[in-house]
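# A closer look at the structure
Chain by chain, the residues run as shown.
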Amino acid sequence: MDFQKFADGFVTMTGIMSVRKFSDGSYGDIRIVTGNKEYIRLIENPPYDVGGRAIEKFVPNSAYEKYLPKNLSFEDLCYSAAILKKPTHTYVYMNEPNLWFNVFVMPIDYEEGDVGYCTYSTKIADVTDLDLMSTQAMHIYSDVIKTCIKLHGTDDFEQTMKDVIKDIRVICKAEVCSLMLVDTGTGTCSMLATNIREGSVIKRVTQFVNFYDIALSWIDTIGDNDCLIIKNEQDMKYIEQINNPWYLTLEEAGVDSVVMFPLRYNNEVLGFIWATNFATENALRIKETLELTTYFLSSEVASYKLMKQLEHISYTDLLTGVKNRNAMNSRVSAMTADSESFSEPYCVIFADLNGLKLTNDRYGHSAGDLLLKKAAIALQEVFEGDEIYRAGGDEFLIIMVGCDKDECERKIALLKDRSQDPDGVSFAVGYSYGDNGCDVRDAMHTADVDMYRDKEEFYKKHPERKLR
């Protein structure tokens, strides 16, 4: 690997560190492999005390103690990044000559035997920014990190994310804080979590009919920057010039200030996190806080989206687009296990497609597949918002939760009315309406028996469609 070229790609003072790991988990020598010009200039002309010893010209791959004072904290940072692959952002204080260093240590996905590598980027912090490193600010960072750690062990990612967003809103003293996911591939976006201060009347982005277009426009507006901060009228005028449609929605919504970060992972924008009408006097502190937060959240959100995609694949019937038998079994098992606390009334409906075998035999399976797709569309139109499953073959199951019996019977009547074509989409339908405490498997059995009774009536009327 060309470490010199890699280091030269950094604008900030950056060195490449190597750490040797021993078999017992301890580490050996830590070396400065190379660095960009700014970093080499720093270690050859250090502004800190080096104990009176002469500083030599930099020699690549030298032990770090040759140029830097021995420091166990420094070693721990390099070990955590190079060996444990843990990225770290911290501040390092040097008592002499009273300097703060803003430090980012990042793992490099490259190893040579027992040697790992990391980047060590540093910048001398201006004394006027020391308030950013106050105890209060560090407590804020600690609180955010602790909140984000919740995500690693949670059984309910979405609820935990709501808690995280609430914490961030409070930290930012904002009116609203939100996290939206975007999927440029499917052209969709969804609000994962939002928290609103009590009494807020602000109009939220999801209340605009073109909110997905607005969300996509943020990608170009932010560009390669890590965030966007709108804190005053001048900033608003800038947004008015570069993204007028968004500016108009901000104005209509009653937004005075916004701090926004894209959630990026592997060069892909997964979504955005933002706080509106926040405490602008703390803009820099809030920026630092959200930088840490989004760093943690991006990988967690990426994992969440991957799990959702895998769940969609494993729980979706690829032919019809409705939920598959795996999803049905999981849902029924959950309802059975939770039968005592499942207090909502529900309706279970079996809809069996008449004449599928005849269609397959006469016209081929492609015609049968087309008939199944049309059947699924008919079900989705009638039972919009309800749970639709392809139980297998020509049989579908619908679960309506929180409905009354009249609504259930109305939708069944509508389905039968739309499936009267014996040569096209035609369903045999059976149902069971369950009040509180009704066992779902008993309801399914009742609906199944009712459906087969209806199917027998269909074939009595249309014996030519029966082919067994």
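Residues numbered from 1 in each chain as written. Predicted model: local features only at pLDDT ≥ 70, side-chain atom pairs only at ≥ 80, totals over all residues. Heavy atoms only, no water.

## A short note on the environment of Leu-370
The residue Leu-370 is located in helix H12 (residues 365-382) in this model. Measuring from C-alpha to C-alpha, the distance between Leu-370 and Leu-319 comes to 9.0 Å, with 51 residues separating the pair along the chain. (Helix = DSSP H or I, 4+ residues; strand = E, 2+ residues; numbered from the N terminus.)

## Here we look at the nonpolar core
Ranked by size, the top nonpolar core spans 27 residues in total, and within it Met-161, Ile-168, Cys-172, Leu-179 and Ile-273 carry the most contacts. Secondary structure elements with two or more residues in this core: helix H5 (157-172), strand S7 (176-183), strand S8 (188-196), strand S10 (258-265), strand S11 (268-276) and helix H9 (283-315). Apart from residues no more than four positions distant in its own chain, Leu-179 is found in contact with Met-161, Ile-165, Ser-190, Met-191, Leu-192, Ala-193, Leu-263, Phe-272, Ile-273 and Leu-297. (Core = buried A, V, L, I, M, F, W, Y, C linked by side-chain atoms within 4.5 Å. Buried < 20%, exposed > 50% of the residue type's maximum accessible area, 1.4 Å probe, protein only. Contact = heavy atoms within 4.5 Å.)

## Considerations on the state of the cysteines
Within the structure shown, the criterion is met by 1 disulfide. Bridging Cys-347 to Cys-408, the disulfide has an S-S length of 2.2 Å. Linking Cys-347 in strand S12 (residues 346-353) with Cys-408 in helix H13 (residues 405-418), this pair joins segments that are 61 residues apart in sequence. Accessibility assignment for this pair places Cys-347 and Cys-408 in one class, buried. For Cys-78, which is in no disulfide, the shortest distance to another cysteine sulfur is to Cys-118 and amounts to 4.5 Å. Between Cys-177, a cysteine without a disulfide, and Cys-172, which holds the nearest cysteine sulfur, the sulfur-to-sulfur distance is 6.1 Å. Cys-177 sits in the buried class, given a relative accessible area of 0%. (Disulfide = S-S within 2.5 Å.)

## Things to note about the sheet that holds strand S9 (residues 228-230)
Strand order in the open sheet made by the 5 strands is S8-S7-S11-S10-S9, with antiparallel pairing throughout. Lying at the two open borders of the sheet, with one neighbouring strand each, are S8 and S9. In this sheet, adjacent strand axes meet at a mean angle of 15 degrees when their direction is disregarded. Pairing between S10 and S11: 8 bridges, direction antiparallel. Bridging across to S11, Phe-261 finds its partner in Ile-273. Each of S7, S8 and S11 touches H5; the most contacted strand, S8, lies at about 55 degrees to it. (Pairing = 2+ DSSP bridges. Axes fitted to C-alpha atoms, helices over the stretch in contact; angles between N-to-C directions.)

## Observations regarding the pairing of S11
Regular strands have side chains that alternate between both faces of the sheet. The buried fraction of S11 is high, at 8 of 9 residues. In terms of strand pairing, S7 meets S11 through 6 bridges, oriented antiparallel. Looking at the pairing, Ser-178 lines up with Trp-274 of S11.

## Thoughts on the sheet that holds strand S13 (residues 387-392)
Spatially, S13-S14-S12-S15 is the arrangement adopted by the 4 strands of the open sheet, whose pairing is antiparallel. What marks the edges here is a single partner per strand, and that holds for S13 and strand S15 (427-434). Averaged over all neighbouring strand pairs, the angle between strand axes comes to 20 degrees, with direction disregarded. The sheet contact formed by S12 and S15 spans 8 bridges and is antiparallel. Each bridged residue has a counterpart across the sheet, and for Asp-352 the counterpart in S15 is Ala-428. The strands that H12 touches are S12, S13, strand S14 (395-401) and S15; relative to S14, the one it contacts most, it runs at about 10 degrees.

## Let's talk about the packing of aromatic side chains
Per the stated rule, a full pass over the model turns up 10 aromatic pairs. Summarising the aromatic geometry, the rings of Phe-58 and Tyr-67 are spaced 5.5 Å apart at their centres and angled 55 degrees between planes, so their arrangement reads as tilted. Residue classification places Phe-58 among the buried positions, given a relative accessible area of 15%. Three or more aromatic residues link up through ring pairs in this structure, and these residues are Trp-218, Trp-246, Phe-272 and Trp-274. Directly above the aromatic system of Phe-208 lies the positively charged group of Lys-203, at a separation of 4.3 Å from the ring centroid. (Phe/Tyr/Trp six-rings, centres within 6.5 Å; stacked < 30°, edge-to-face > 60°. Lys NZ or Arg CZ within 6 Å of the ring centre and 35° of its normal.)

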